[in-house]
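# Results of the structural survey
What follows is the residue order along each chain.
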Amino acid sequence: MIGVVGFERWAIKAPASLVTLAVLLCLSLMTALYAVMDRTDTAVATARDMAAHDLGILYESARDQSAAFSSTSFIGYSVGRYYGFASAFAQISPNPERAAALLRTAFAAGDAQQQGASSALAPYMAVHDRFHASFVDMIGSSVFSDLYLIDRLGRVVYSLRKDGAFGQDLNDARARDTPLGEVFREIMARLQKVDDPTQVLVVTPPKDLDGATASDGPEGIGMLVARPVVRHGSVEGVVAFRLPLATVDRRLGTLARQGVGFTLIDAGGHPADQPASARGLSPYGVYGVPGSPWQFQVLSSGWALSGWLGWWTWGLTLASAAAGGWTWRQSRHAAPKVPAVAEAPVPVAPPVVVPAPVTPPPVIAAVMPVPEPVLEAAMPAPAAVLEVEPANDLDANEEFRRCIVDVMTLALDFWHHAKRKGKIELAEESGLWRVYMDRSSLQTRTLDKYLLVETLPRNPRWRDVVRTAEFVLRHCPDAGAEREGVREALGRLKQHLRHAERI
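Residues numbered from 1 in each chain as written. Predicted model: local features only at pLDDT ≥ 70, side-chain atom pairs only at ≥ 80, totals over all residues. Heavy atoms only, no water.

### Regarding the overall build of the protein chain
What counts here: Secondary structure counts use DSSP, requiring at least four H or I residues in a row for a helix and at least two E residues in a row for a strand, with both numbered from the N terminus. Burial classes: relative accessible area under 20% of the type maximum marks a residue as buried, over 50% as exposed, and values in between as partly exposed (1.4 Å probe, protein chains only). Contact between two residues is taken to exist if any of their heavy atoms lie within 4.5 Å; hydrogens are not considered. Only the protein chains shown count as covering a residue, and every accessible area follows the Shrake-Rupley method with a 1.4 Å probe.
Of regular secondary structure, the protein chain possesses 14 helices and 13 strands. Taking all 503 residues of the protein chain together, the buried fraction comes to 44%. In the protein chain, of all internal contacts separated by at least 6 residues, the share reaching a separation of at least 24 is 62%. In the structure as shown, the protein chain presents an accessible area of about 27,400 Å², 56% of it carried by carbon and sulfur atoms.

Here is the structure:
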């Protein structure tokens, strides 16, 4: 039996069994491709939700730390117009450019003072010796890498690392369009529209900041988190914290796995960098972090995510190509060649003068039909290559540390919303965490380390974490999604602990 594949003049005659096999292979290939796309979409959606959750926690942590730091007494005193860095900066020279040049010379090698500094810098050096060590300790325990103190006139009177922005006049034409200058102008503009200056906050997307440092990542890219400094109801200046891109890359790196990567989107809508974990992957989509100006891009590889389905798809593709080639080859022998029919010459009678001359009909040569040969369909079954699906590369220990941070952050959020109290009250009422008096403010240094994976101790006190969550659940009777979130996170942590005890 002969089947026909194609249409009109391009029709191919082939055995019906080969045509059926080719159609089945094509349908199987389409089904496998759909399964690969569905698996890729599911993996990317899961990675998107995890990245949005972790970046949201990092954003909230940066916002809370900036609020806590900007309200401390030593930041308020250090940038005051009648004392601190602003006053000391003005005493160096009446010319701000000369004052900035002398300071850059004195701190040419970083935050260490050079020997033989000008005597005009003595008031500034005294203020620097008073506050610098506190700033080093404060930044060392945070997610930031640097801070800038800007006085009311727009002069950068202090920088922890003494980078290229140190000493700049942000109102000068050369510095107005820098990221720090734009942040300063935006805060000053917002202060004119609000009644409570402590509520003003500016967070930038990733930008190429002035004065790259080793911890910033590619080409000094980072984000700025800035707030006004308010002392006794008066705005004394602006403090801007520098969040390096490397901190975000480390957070996203813990979520990356084979076939999935992430990158932040800069202010121009382009990838801020290309982490090592994202090389060889293709962009899949751009998503926003809820409640923040940050955006990130999911990078993926459908081949790496498909696992054995990818090998099965390749096997079907090769089998379909082989079946198509075999069908074409057999079709060339399926239809026999019919010899041309010779037409005998037609004799013409000589002309005669008669009313109706008769012309004999032409003689056609008889042609015997040639029987069609019988063909047997022979097509080897395609061999599908199988491969075991690659295992998840997430380290179990890293998942355990992330569980601890999730339990603490969810418990603290539930406590805050249910009791209208902060982490200081939680530490004091539970008796599980120490509260320190840092100059004129209370701090929970140990508890703060359990809110980020980057600051979590190597050997975390998981018993205190479990007791804290149980304390919050006992003393916060409110029912809702937040309570269920704490219970689910606590259950995952206990499951990790039970698994570790069996080992």
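Additional details are given in the paragraphs that follow.
### Here's the deal with the pairing of strand β9 (residues 260-264)
Here is the rule we go by: Here, strands pair whenever DSSP counts at least two bridges between them.
With respect to burial, β9 is a largely interior element, five of its five residues being buried. Sheet topology note: the β9/strand β11 (residues 295-300) ladder contains five bridges and is antiparallel. Its bridge partner lying in β11, threonine 263 is registered against glutamine 297.

### A few points about the side chain of threonine 204
Relative to the helices and strands, threonine 204 resides in the loop between β5 (202-203) and β6 (207-208). In contact with threonine 204, other than residues within four places in its own chain, are Val183, Met223, Leu224 and Trp294.

### What about the environment of valine 239?
On the secondary structure map, valine 239 appears in strand β8 (residues 234-244). For the pair valine 239 and alanine 226, spaced 13 residues apart in the sequence, the C-alpha separation amounts to 5.7 Å. Beyond its immediate stretch of four places on either side in the chain, valine 239 contacts Ser70, Ile75, Tyr148, Leu149, Val225, Ala226, Arg227 and Val229.

### Digging into the packing of aromatic side chains
The condition that has to hold: Only the six-membered ring of Trp is used, alongside the rings of Phe and Tyr, when aromatic pairs are assigned; centres must lie within 6.5 Å, and planes under 30 degrees apart are stacked while those over 60 apart are edge-to-face, with the rest tilted. Whether a charge lies above a ring is judged from NZ of Lys or CZ of Arg, which has to be within 6 Å of the ring centre and within 35 degrees of the ring normal.
Within this structure, the stated rule accounts for 12 aromatic pairs. The interplanar angle of 85° and the centroid separation of 5.4 Å between the aromatic rings of tyrosine 59 and tryptophan 294 together place this pair among those described as edge-to-face. One end of the pair, tyrosine 59, is in helix α1 (residues 16-70); the other, tryptophan 294, is in the loop between β10 (282-288) and β11, and 235 residues separate them in sequence. Connected via pairs of aromatic rings, a cluster forms that spans Phe85, Tyr124, Phe131, Phe135 and Tyr158. Over the ring of tyrosine 77 we find arginine 231; its NZ or CZ atom is 4.3 Å from the centre of that ring.

### Quick word on the sheet that holds β10
Neighbouring strands of a sheet are bound in pairs by backbone hydrogen bonds; such pairs are parallel or else antiparallel. Worth spelling out the cut-off: Axis definition: a line fitted to C-alpha atoms, over the contacting stretch in the case of helices. Angles run 0 to 180 degrees between N-to-C directions.
On the basis of which strands lie adjacent, the open sheet formed by three strands has the order β9-β11-β10 and antiparallel pairing. Of all strands in the sheet, those bounded by a partner on one side alone are β9 and β10. Each strand axis lies, on average, 25° off the axis of its neighbour in the sheet, ignoring direction.

### Points about the nonpolar core
Rules: Residues belong to a common nonpolar core when they are buried Ala, Val, Leu, Ile, Met, Phe, Trp, Tyr or Cys residues joined through side-chain atoms within 4.5 Å.
One finds Ile75, Phe135 and Leu149 to be the most contacted residues of the largest nonpolar core, which totals 59 residues. Discounting chain neighbours no more than four positions away, the residues touching isoleucine 75 are Phe69, Ser70, Phe135, Met138, Leu149, Val229, Val239 and Phe241.

### Comments concerning the pairing of strand β3 (residues 146-151)
Taken across its six residues, β3 has six buried, putting it largely inside the fold. Judged by which residues are buried, β3 turns out to be covered on both faces: Asp146, Tyr148 and Ile150 on one side and Leu147, Leu149 and Asp151 on the other are all buried. Summarising the sheet, β3 and β8 pair through six bridges and their orientation is antiparallel. Residue pairing for β8: aspartate 146 is matched across the bridge by arginine 242. Both β3 and strand β4 (residues 156-159) contribute to a ladder of three bridges, which runs antiparallel. Looking at β4, one finds that leucine 149 is bridged to tyrosine 158. In this structure, the hairpin formed by β3 and β4 is closed by a connection of four residues, where glycine 154 is found at a positive phi of approximately 90°.

### Considerations on unusual backbone geometry
The phi torsion at lysine 162 lies on the positive side, around 55°, for a residue other than glycine. For lysine 162, the location among the structural elements is in the loop between β4 and α6 (179-191). The phi dihedral of arginine 420 is positive, around 60°, even though this residue is not glycine. Within the fold, arginine 420 resides in the loop between α10 (396-419) and α11 (423-430). A residue is classified by how much of its surface remains accessible, and arginine 420, at 66% relative accessible area, is exposed.

### Overview of the packing of α11 against helix α13 (residues 462-475)
Here is the rule: If an angle is under 35 degrees, it is roughly parallel; if it is over 145, roughly antiparallel; if it lies from 65 to 115, roughly perpendicular; otherwise it is oblique. All amino acids are sorted into three groups, where Ala, Val, Leu, Ile, Met, Phe, Trp, Tyr, Cys and Pro are nonpolar, Asp, Glu, Lys and Arg are charged, and the leftover types, Gly among them, are polar.
One way to put it is that α11 packs onto α13 with a least axis distance of 11 Å and a crossing angle of 100°. The orientation of α11 relative to α13 falls into the category roughly perpendicular. Here Leu426, Glu429 and Ser430 of α11 come into contact with α13, specifically with Thr468, Phe471 and Val472. Residues of the contact of α11 with α13, tallied by class, amount to three nonpolar, two polar and one charged.

### Quick notes on a nonpolar patch on the surface
Where we set the bar: To count toward a patch, a residue needs a relative accessible area over 30% and no salt bridge; like charges are then connected within 9 Å, while nonpolar side chains (Val, Leu, Ile, Met, Phe, Trp, Tyr) are connected within 5 Å. What makes a salt bridge here is a side-chain nitrogen of Lys or Arg within 4 Å of a carboxyl oxygen of Asp or Glu, nothing more.
Nonpolar side chains collect at one region of the surface, where Val23, Leu24, Leu27 and Met30 lie side by side and expose about 400 Å² of accessible area between them. Tracing the chain through its elements places leucine 27 in helix α1.

### Quick word on helix α5 (residues 122-140)
Let me state the cut-off plainly: What a helix is expected to span follows from its residue count: subtract one and scale by 1.5 Å. The bend at a residue is defined as the angle formed between two axes, one fitted to the seven residues ending at that residue and one fitted to the seven starting there.
In this model, α5 (19 residues) spans 27 Å end to end at C-alpha, consistent with the 27 Å of a helix rising 1.5 Å per residue. Bending of α5 peaks at approximately 35° at the position of phenylalanine 131. Taken residue by residue, α5 has Tyr124, Met125, Val127, His128, Phe131, His132, Ser134, Phe135, Met138 and Ile139 as its buried positions.

### Some thoughts on the pattern of salt bridges
A complete count under the given rule lists 16 salt bridges for this structure. The salt bridge partner of glutamate 97 is arginine 174, with a shortest N-O separation of 2.9 Å. Pair noted here: glutamate 97 is in helix α4 (residues 96-106) and arginine 174 is in the loop between β4 and α6, with a separation of 77 residues, a long-range link. On the basis of relative accessible area, arginine 174 is assigned to the exposed category, the value being 65%. Two residues, aspartate 448 and lysine 423, come together in a salt bridge whose shortest N-O distance is 2.9 Å.

### Comments concerning the environment of proline 179
Mapped onto the fold, proline 179 is located in helix α6. For the pair proline 179 and threonine 204, spaced 25 residues apart in sequence, the C-alpha to C-alpha distance is 8.6 Å.

### Description of the confidence of the model for the protein chain
Quick note on the threshold: Here pLDDT means the predictor's own confidence in every residue, given as a number from 0 to 100.
In the predicted model, the protein chain carries a mean pLDDT of 77, and 73% of its residues have values of at least 70. Of all the helices and strands in the protein chain, strand β1 (residues 2-5) carries the lowest mean pLDDT, 53, while β5 carries the highest, 94. Note on residues 338-344: pLDDT is under 50 here. Beyond four places in sequence and across chains, it has four contacts. This stretch, residues 357-396, has a pLDDT under 50; its non-local contacts, to residues over four places away or in other chains, come to 41 contacts.

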